[in-house]
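# Notes for the structure review
The residues making up each chain are set out below.
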Amino acid sequence: MNAKHTGGAPKVAYLNARLIDPASRLDTMGGLLTQGSLIQDLGPHITAHSLTQEWRSIDCGGNILCPGLIDMKVFAGEPGAEHKETLETASFAASAGGVTTFITMPNTDPVIDDVSLVEFVKRHAMSGALVNMYPMAAATRGLKGEAMTEIGLMQLAGAVAFTDGDRAISDAVLMRRLLSYASRFNALIVQHIEEPGLAHGGCMNEGEVATRLGLQGIPHAAETIMLERDLRLVELTGARYHADQLSCAASVEIMRRAKRQGLPVTCGLSAAHLALNEIDVGS
Amino acid sequence: MSSSRTQAAIPFPHRHLLGIKDLSAGDIHIVLELADSYVELNRQVEKKQDLLRGRTLINLFFEASTRTQSSFELAGKRLSADVVNMPVGTSSVRKGETLIDTAMTLNAMNPDLLVVRHPDSGAVELLSQKVDCAVINAGDGSNEHPTQALLDALTIRRRLGRLEGLLVAICGDIAHSRVARSNIYLLNIMGARVRVVAPPTLVPAFIERLGVEVHHDMREGLRDVDIVMMLRLQQERMQGAYVPSLREYFHFHGLDYAKLSEAKPNALIMHPGPMNRGVEIDSEVADDIDRSVIREQVEMGVAVRLAILDLLSRNLKNTSSRPNPVQLNMDRP
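Residues numbered from 1 in each chain as written. Chains lettered and ligands numbered in written order. Predicted model: local features only at pLDDT ≥ 70, side-chain atom pairs only at ≥ 80, totals over all residues. Heavy atoms only, no water.

### Description of the overall build of chain A
Stated precisely, the cut-off is as follows: Only runs of H or I of at least four residues qualify as helices and only runs of E of at least two qualify as strands under DSSP, and these elements are numbered from the N terminus. Type-normalised accessible area, obtained with a 1.4 Å probe on protein chains alone, sets the label of each residue: buried when under 20%, exposed when over 50%, and partly exposed for intermediate values. Pairs of residues are marked as contacts when any of their non-hydrogen atoms sit within 4.5 Å. Working definition of accessibility: Shrake-Rupley area with a 1.4 Å probe, residue cover restricted to the visible protein chains. In this count, Lys and Arg are taken as positive residues and Asp and Glu as negative ones, while His and the chain termini are left out. For charged residues, the charge sits on one atom: NZ in Lys, CZ in Arg, CG in Asp, CD in Glu.
Counting its regular elements, chain A contains ten helices and 14 strands. Evaluated residue by residue, chain A yields a buried proportion of 43% over its 283 residues. In chain A, 67% of the contacts between residues at least 6 apart in sequence involve partners at least 24 apart. For chain A, the exposed surface amounts to about 14,700 Å²; the carbon and sulfur share of it is 54%. The distance from the centre of the 23 positive side-chain charges to the centre of the 31 negative ones in chain A is 7 Å.

This is the structure we're talking about:
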């Protein structure tokens, strides 16, 4: 913000934008001024009329201007399915969609469960990628849910969190030890909250629609049981925990309670779960 | 305690040695003093004493052991006891009734001293309730290994002259270690301060209630300590259940010179054995001639076991009377 440091840097004004900044609860039409890599000012008061000659202005045409999005659950094709997508093309897609940072999931082929594979992803992140890219590593070897991975060494190599991706870590003893071990490194464990036995074979919410369509449903309990269990284990171990992809209101209530309790937990949900519901399966 | 004890000039009011938990600072002091004098005996050419002549010592090891068993065997033989090593195949042994049956069977053979190691915590105490002889716990499950703690104390005392006020770090698999528990009890009783250092998966719940400071970071845990006690990490625990891998364990918890540099400059390095070089301890550190007292611990082991056999034998029944020679009774039909 210090003008002395940015005196010679180019001055750019982004005008006629919908400014959104969730942190300050801002959502307004207006403009934003940058000098070099710093934001000088923003708000509804910044318009073409308020500018002096030295500013180069860009008309945003009413589009959204907001902090870069962070996608913390990217299933990239590389390594293993480069014909579909590489880390580089994933970064192109991300930048096109306003995502400036993404975190890759470890369920690739091979699974990112080893220091050298974490280093492989990091190396790509530093070379070709257009956006910031960080690897999440596997929590159990080969995502098999049997033996924990080298959390400490992979964290040193640059892994930002540990997960078995779209597989739940179902063994309660292993989950307890995993959380306990991770707590020593203050490492984040990300869990796919689904009790595999209850969810087995299911493809949509259990209810009238599933019955009418003849599709096997998954009860809410498959999610809430796993979430409740994990939160008890977090209580026991003090580890940082992220519940991936909540999909029912009951889970939100459980998370709210855990946060009120002061547990070091967070949760995520997908846009699809916010915008759609089971009725959309039938249509 | 009603038996006559003509030899018992030293008050050691215990029939068995089941755990450090049962001992007072005075008891421990007596064991260490006596063991000190036995160190000299062990270094002589003539090591034989008559103290346990006519007595029978049975080594009953339900779990494999090299140094503890041979240490007790040597101690028994040096005091002239008849030593019998009972081979117990772990596979053929069960808990509960079978253990008690084993105890009854052995009791019928009239041993005077029974040295027992068992994979279950509490098994040795249970056995002691069923026999008439003195029972020495040579390690029960994850509960206690009292002679190990005593020999560690003797080693420290001979090197540093005291136990009181020392800062001791016990590092490694605390959760499954009887050595750790016995040492924690003993060091606390004798006025030392104890830290345990291990990844959280290897620290049992509420261990701090035993009077220790818990550290998960090895460098922090070793800061300014006088003694570094390493524990063995069993192979099956480093396959991903408790610790991800051998190399990660060694990286964060193996004792090398870098981590050791946090300890006091002359801090002693101890290990109850058998060591896993490259897992919990760096080879060079283990062999450091100035600081590693690992082989000395083995020597002190024999001395401590001599002292324990000596003290417990003073409390045995019929201590004062010479055993009567067996007589053939010709009058009986």
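### Looking at the side chain of B:His14
Residues and elements named next belong to chain B. Condition: Polar contact is defined as a pair of N or O atoms within 3.5 Å, subject to the rule that within protein one atom must be able to donate a hydrogen and the other to accept it, and that residues adjacent in sequence are counted only when both atoms are side-chain atoms.
Along the chain, the position of histidine 14 falls in the segment before α1 (25–43). Under the relative-accessibility criterion, histidine 14 is labelled buried at 14%. A distance of 2.7 Å separates the side chain of histidine 14 from the side chain of aspartate 27, its partner in a polar contact.

### What about the state of the cysteines?
Residue and element names in this part refer to chain A. Just so we agree on the cut-off: Here, a disulfide means two cysteine sulfur atoms that sit within 2.5 Å of each other.
Considering all chains together, one arrives at zero disulfides over all chains under this definition. Unpaired in this structure, cysteine 203 has its nearest cysteine sulfur neighbour in cysteine 248, at a distance of 17 Å. Exposure remark for cysteine 203: the relative accessible area of 52% places this residue in the exposed category. This cysteine, cysteine 248, is not joined by any disulfide, and cysteine 267 carries the nearest cysteine sulfur, 11 Å off.

### Some words on the interface of chain A and chain B
The test is simple: Once two parts are put together, the accessible area they lose, assessed with a 1.4 Å probe and summed over both, is termed the buried area. In the sections that follow, a salt bridge refers to a side-chain nitrogen of Lys or Arg positioned within 4 Å of a carboxyl oxygen of Asp or Glu.
At the junction of the two partners, chain A supplies 18 residues and chain B supplies 18 residues. Summed over both sides, the interface between chain A and chain B buries roughly 1,500 Å², with carbon and sulfur atoms accounting for 53% of that surface. Contact with chain B buries surface across chain A, with A:Arg177, A:Tyr181 and A:Arg184 losing the most and accounting together for 42% of the total. Where chain A touches chain B, the interface holds two salt bridges. With its nearest N and O atoms 2.6 Å apart, the salt bridge here joins A:Glu150 to B:Arg247. Taken together, chain A and chain B are joined by eleven residue pairs in polar contact (both at pLDDT 80 or more).

### Focus on the packing of helix α7 (residues 220–237) of chain A against helix α8 (residues 249–260) of chain A
All names here are of chain A. The test is simple: Note on definitions: angles span 0 to 180 degrees between N-to-C directions of axes, and those axes are lines fitted to C-alpha atoms, for helices only across the stretch in contact. Should an angle fall under 35 degrees it is called roughly parallel, over 145 degrees roughly antiparallel, and 65 to 115 degrees roughly perpendicular, with every other angle called oblique. Note on residue classes: Ala, Val, Leu, Ile, Met, Phe, Trp, Tyr, Cys and Pro are nonpolar, Asp, Glu, Lys and Arg are charged, and everything else, Gly too, is polar.
The contact between α7 and α8 brings their axes to 9 Å, and the two run at 10°. Between α7 and α8, the angle falls in the class roughly parallel. Touching Glu223, Thr224, Leu227, Glu228 and Leu231 of α7 are Ala250, Ser251, Ile254, Met255, Arg257 and Ala258, all from α8. Tallied by class, the residues present in the contact of α7 with α8 amount to six nonpolar, two polar and three charged.

### Comments concerning the sheet that holds strand β4 (residues 134–140) of chain B
Each strand in a sheet pairs with another by means of backbone hydrogen bonds, the pair being arranged parallel or else antiparallel. Residue and element names in this part refer to chain B. Rules: Pairing between strands is defined by DSSP: at least two bridges between them are needed.
Read from one edge to the other, the open sheet built from four strands follows the order β2-β1-β3-β4, with strand pairing classed as parallel. Only two strands of the sheet have a single neighbouring strand rather than two, namely β2 (82–87) and β4. Adjacent strand axes in the sheet meet at a mean angle of 15° when their direction is disregarded. Bridge analysis of strand β1 (residues 56–61) against strand β3 (residues 113–118) gives five bridges, and the strand direction is parallel. Its bridge partner lying in β3, leucine 60 is registered against valine 116. Running over the sheet, helix α2 (residues 67–78) touches β1, β2, β3 and β4 and is turned about 175° from β1. On top of the sheet, helix α11 (residues 294–314) reaches β1, β3 and β4; it is set at about 145° to β4, its chief contact.

### Examining the packing of α1(B) against helix α5 (residues 146–160) of chain B
Residue and element names in this part refer to chain B. α5 packs onto α1 with a crossing angle of 75° between their chain directions and a minimal axis gap of 10 Å. Overall, the two elements α1 and α5 adopt an arrangement that is roughly perpendicular. The segment α1 lies against α5, with Ile28, His29, Val31, Leu32, Glu33, Ala35, Asp36, Val39, Glu40 and Arg43 engaging Leu150, Ala153, Leu154, Arg157 and Arg158. Here the residues of the contact of α1 with α5 sort into eight nonpolar, one polar and six charged.

### Focus on the nonpolar core
Test applied: The definition of a nonpolar core used throughout is a set of buried Ala, Val, Leu, Ile, Met, Phe, Trp, Tyr and Cys residues joined through side-chain atoms within 4.5 Å.
Formed by 75 residues in total, the largest nonpolar core has its most connected members in B:Ile136, B:Leu150, B:Ile170 and B:Leu186. When residues of this core are assigned to their parent elements, the largest contribution, ten residues, is made by α11(B). Once residues lying within four places of it in the same chain are set aside, the contact partners of B:Leu186 are B:Ile20, B:Ile28, B:Ala149, B:Leu150, B:Ala153 and B:Leu163. Counting residues in each nonpolar core, the second largest holds 52 residues, with A:Val115, A:Ala125, A:Tyr241 and A:Ala258 among its members.

### Let's talk about empty space enclosed by the protein
Residue and element names in this part refer to chain A. How we decide: The way it works is a 1 Å grid over only the protein atoms, where trapped points that fit a 1.4 Å probe form a cavity and open points with protein on both sides within 12 Å along at least five of seven lines form a pocket, and then any residue with an atom within 4 Å of a point lines it. Grid points are joined across faces, edges and corners, and a volume is the space filled by probe spheres set on the points.
Applying the stated rule across the entire model yields one cavity of 30 Å³ or more. Considering only enclosed or pocket space, the largest cavity measures out at about 40 Å³ in volume. If you trace the largest cavity, you find it lined by Ala76, Glu78, Pro79, Leu87, Thr104, Met105, Thr108, Ile112 and Val121. Split by residue class, the lining of the largest cavity holds six nonpolar, two polar and one charged.

### Focus on the pattern of salt bridges
Residues and elements named next belong to chain B. Inspection of every chain in the model, using the stated rule, returns 27 salt bridges over all chains. The partner of glutamate 262 in a salt bridge is arginine 219, with the nearest N and O atoms 2.9 Å apart. Here glutamate 262, found in the loop between α9 (257–260) and β9 (268–270), pairs with arginine 219, found in helix α7 (residues 218–222); they are 43 residues apart in sequence, far enough to count as distant. As a salt-bridge pair, aspartate 310 and arginine 314 come within 2.6 Å of each other at their nearest N and O atoms. Taken together, the residues aspartate 310 and arginine 314, both in helix α11 and four residues apart, mark about one turn of the helix. It is possible to trace a salt-bridge network through shared partners that takes in Glu33, Asp36, Arg157 and Arg158.

### Here we look at a nonpolar patch on the surface
We apply this condition: Patch members must show over 30% relative accessible area and no salt bridge, and they are joined within 9 Å when carrying like charges or within 5 Å when they are nonpolar side chains of Val, Leu, Ile, Met, Phe, Trp or Tyr.
A contiguous nonpolar surface patch, about 230 Å² in accessible area, is contributed by A:Leu213, A:Leu215 and A:Val281. Mapped onto the elements of the fold, A:Val281 is located in helix α10 (residues 279–282).

### Digging into α8(A)
All names here are of chain A. To keep it simple, the criterion reads: By this rule, a helix spans an expected 1.5 Å times one less than how many residues it contains. By construction, the arc corresponds to the directions joining the helix axis to the C-beta atoms.
Look at α8: 17 Å from first C-alpha to last across twelve residues, which is about the 16 Å you get at 1.5 Å a residue. Turning to α8, its buried residues are Ser251, Ile254, Met255 and Ala258. When α8 is viewed along its axis, its buried side chains cluster within an angular range of 100° and face the same direction. Within α8, the exposed residues directed more than 90 degrees away from the buried face are Ala249 and Arg260. Taken together, the buried residues of α8 touch α7, β13 (240–244) and β14 (265–267). Glycine 262 lies just past α8 and shows a positive phi near 90°.

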